[in-house]
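Structure assessment
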Amino acid sequence: MIDVHSHILPGIDDGARDLEEALEMARLAVADGIRVMVATPHLFKHKSVDLDAINEKRVILEHIDIFRDRLAAEGIALEILPGCDVPLSVDALSLLAEDRVLTVNDGKRYLLLELPHFSIPPSLEDICFRLQSRGLTPIITHPERQPLIKERPDRLGRLIDLGCLAQLTAGSLTGGFGRRVAKVSRQLVKKGYIHLLASDTHNTRGRPPMLSKAVSELSKLVGPEQARAMVTLIPEKIIRGEPAP
Ligand SMILES: [Fe+2]
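This one's a predicted model, so the numbers in the text were calculated from it and none came from an experiment. (Residues numbered from 1 in each chain as written. Predicted model: local features only at pLDDT ≥ 70, side-chain atom pairs only at ≥ 80, totals over all residues. Heavy atoms only, no water.)

This paragraph deals with the sheet that holds strand β3 (residues 79-82). Sheet architecture is open: three strands sit in the order β1-β2-β3, paired in parallel fashion. Looking along the sheet, the strands with just one partner apiece sit at the ends: β1 (2-6) and β3. Across this sheet, the average inter-strand angle for adjacent strands is 25 degrees, counted without regard to direction. The pairing of strand β2 (residues 36-39) with β3 spans four bridges and is parallel. The residue bridging Val 36 from the neighbouring strand is Glu 79, located in β3. Across the sheet, helix α11 (residues 233-240) is in contact with β1, β2 and β3; its angle to β1 comes to roughly 65 degrees. (Pairing = 2+ DSSP bridges. Helix = DSSP H or I, 4+ residues; strand = E, 2+ residues; numbered from the N terminus. Axes fitted to C-alpha atoms, helices over the stretch in contact; angles between N-to-C directions. Contact = heavy atoms within 4.5 Å.)

Take a look at the structure:
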């Protein structure tokens with residue numbers, strides 16, 4: 001399986017605390033059947049917009065080099081690719097225009113985009129359209145946890161109509177974020193709004209790097225073949241920069 005959303009790089013955001021935890025997360029991922037993981041630290045180290053603590057492309061690539069060496073030294077067969085978890089904000093869009101933000105696998109084709117938690121800007125469709133016209137497809141991360149989309153799933157539907165993709169978080173389907181989020185997750189899947197499943201792992205316990213249990217849940221909704229595609233064929237196209245799904 002391929003996991004396109006993870007906070008496995010140590011000491012760079014609110015994900016893995018240190019190298020030990022990051023290695024343990026990698027071992028758990030491999031045991032769960034994950035062979036490729038896109039490391040996607042938050043663009044702003046402290047989550048809120050802070051222009052003095054930016055996980056820009058150069059910073060993430062340096063961390064990835066070091067982490068790949070550690071994985072090889074430990075004999076852990078997990079391939080790590082570069083990426084970034086980008087919050088939708090004016091500053092993030094400016095940094096993106098300056099080519100300081102990592103797209104998925106640095107392919108300049110797909111961008112992980114997290115919607116603001118408490119509001120959705122009226123210009124969201126316009127922003128997505130502009131990104132698309134530059135050849136960059138936004139992947140909306142965990143829409144099932146966005147309060148407004150919980151109330152109005154059609155807002156996500158409009159983005160999908162514009163060509164955006166959407167990524168569901170594994171823990172949302174398996175109850176890790178509560179019953180309401182699990183219910184919304186199922187609704188979004190049934191409406192056909194979800195293209196990808198990812199772990200969005202932050203640690204070994206509360207938010208572990210595991211997909212298989214959620215794939216089983218997903219199979220009940222869309223059948224085993226489509227559920228499998230959401231962690232294999234579709235993310236594979238995305239990391240290669242090919243049209244998906
Ligand atoms: Fe994330």
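Having put the structure on the table, let's press on.
Let us look at unusual backbone geometry. Note: most peptide bonds trans; most residues except glycine with negative phi. Cis geometry is adopted by the peptide bond preceding Pro 245, which originates at Ala 244 and carries an omega value of 0 degrees. When you line up the elements, Pro 245 lands in the segment after α11.

A separate point is the coordination of the iron ion. The coordination sphere of the iron ion, as far as protein atoms go, consists of His 5 (NE2), His 7 (NE2), Asp 85 (OD) and Asp 200 (OD), spread over 2.1 to 2.4 Å. Here the iron ion is ringed by four donor atoms whose angles at the metal span 80 to 171 degrees, and the overall shape comes out irregular. Look at where the donors of the iron ion fall in the sequence and you get H-x1-H-x77-D-x114-D. Of this pair, His 7 sits in the loop between β1 and α1 (19-32) while Asp 200 is found in the loop between β8 (196-198) and α9 (212-222), placing the two residues 193 residues apart along the sequence. One exposure class covers both His 7 and Asp 200, and it is buried. (Donors = N, O, S within 2.8 Å, 3.2 Å for Na, K, Ca; no water. Tetrahedral: all angles 85-135°; square planar, octahedral: opposite > 155°, others 65-115°. Buried < 20%, exposed > 50% of the residue type's maximum accessible area, 1.4 Å probe, protein only.)

Turning to the nonpolar core, a few remarks are in order. Nonpolar side chains tend toward joint burial in soluble globular proteins. Residues Ile 8, Leu 43, Leu 78, Ile 80, Leu 197 and Ile 238 are the most contacted members of the largest nonpolar core, which totals 81 residues. Apart from residues no more than four positions distant in its own chain, Leu 43 is found in contact with Ala 53, Ile 54, Asn 55, Cys 84, Asp 85, Val 86, Pro 87, Ala 92, Leu 95 and Val 101. (Core = buried A, V, L, I, M, F, W, Y, C linked by side-chain atoms within 4.5 Å.)

Here the focus is the packing of α1 against helix α2 (residues 57-74). Relative orientation of the contacting elements α1 and α2 amounts to 65 degrees, with a least axis distance of 11 Å. Where α1 crosses over α2, the handedness of that crossing is right-handed. For the pair formed by α1 and α2, the contact residues are Leu 19, Ala 22, Leu 23, Ala 26 and Arg 27 on the first element and Phe 67, Arg 70, Leu 71 and Glu 74 on the second. Partitioned by chemical class, the residues of the contact of α1 with α2 number six nonpolar, no polar and three charged. (Left-handed = near helix turned anticlockwise from the far one by under 90°. Nonpolar A, V, L, I, M, F, W, Y, C, P; charged D, E, K, R; others polar.)

In terms of burial, strand β5 (residues 110-114) is largely enclosed, as five of its five residues are buried. Of the two faces of β5, the one lined by Tyr 110, Leu 112 and Glu 114 and the one lined by Leu 111 and Leu 113 are each fully buried. Strand direction decides the pairing type here: strand β4 (residues 85-87) and β5, joined by three bridges, are parallel. Bridge assignment links Pro 87 to a residue of β5, and that residue is Glu 114. As paired elements, β5 and strand β6 (residues 137-141) share four bridges and run parallel to each other. The residue of β6 that forms the bridge with Leu 112 is Ile 139.

A separate point is the packing of aromatic side chains. All chains considered together, the criterion is met by zero aromatic pairs. We note Arg 109 situated over the ring of Tyr 110; from NZ or CZ to the ring centre the distance is 4.9 Å. The ring of Phe 177 carries the charged tip of Arg 145 above its face, separated from the ring centre by 4.4 Å. (Phe/Tyr/Trp six-rings, centres within 6.5 Å; stacked < 30°, edge-to-face > 60°. Lys NZ or Arg CZ within 6 Å of the ring centre and 35° of its normal.)

Within the secondary structure layout, Asn 55 lies in the loop between β2 and α2. A polar contact of 3.0 Å, which involves the side chain of Asn 55, links it to the backbone oxygen of Ile 12. At 2.8 Å, the side chain of Asn 55 forms a polar contact with the backbone oxygen of His 42. (Polar contact = N/O pair within 3.5 Å; in protein donor to acceptor, adjacent residues only side chain to side chain.)

The next subject is the environment of Phe 177. With respect to the helices and strands, Phe 177 occurs in the loop between α7 (170-173) and α8 (179-190). Sequence-wise, Phe 177 and Glu 144 are 33 residues apart; in three dimensions their C-alpha atoms are separated by 9.8 Å. Sequence-distant contacts of Phe 177, defined by excluding residues within four places in its chain, comprise Arg 145, Thr 169, Gly 171, Ser 172 and Arg 207.

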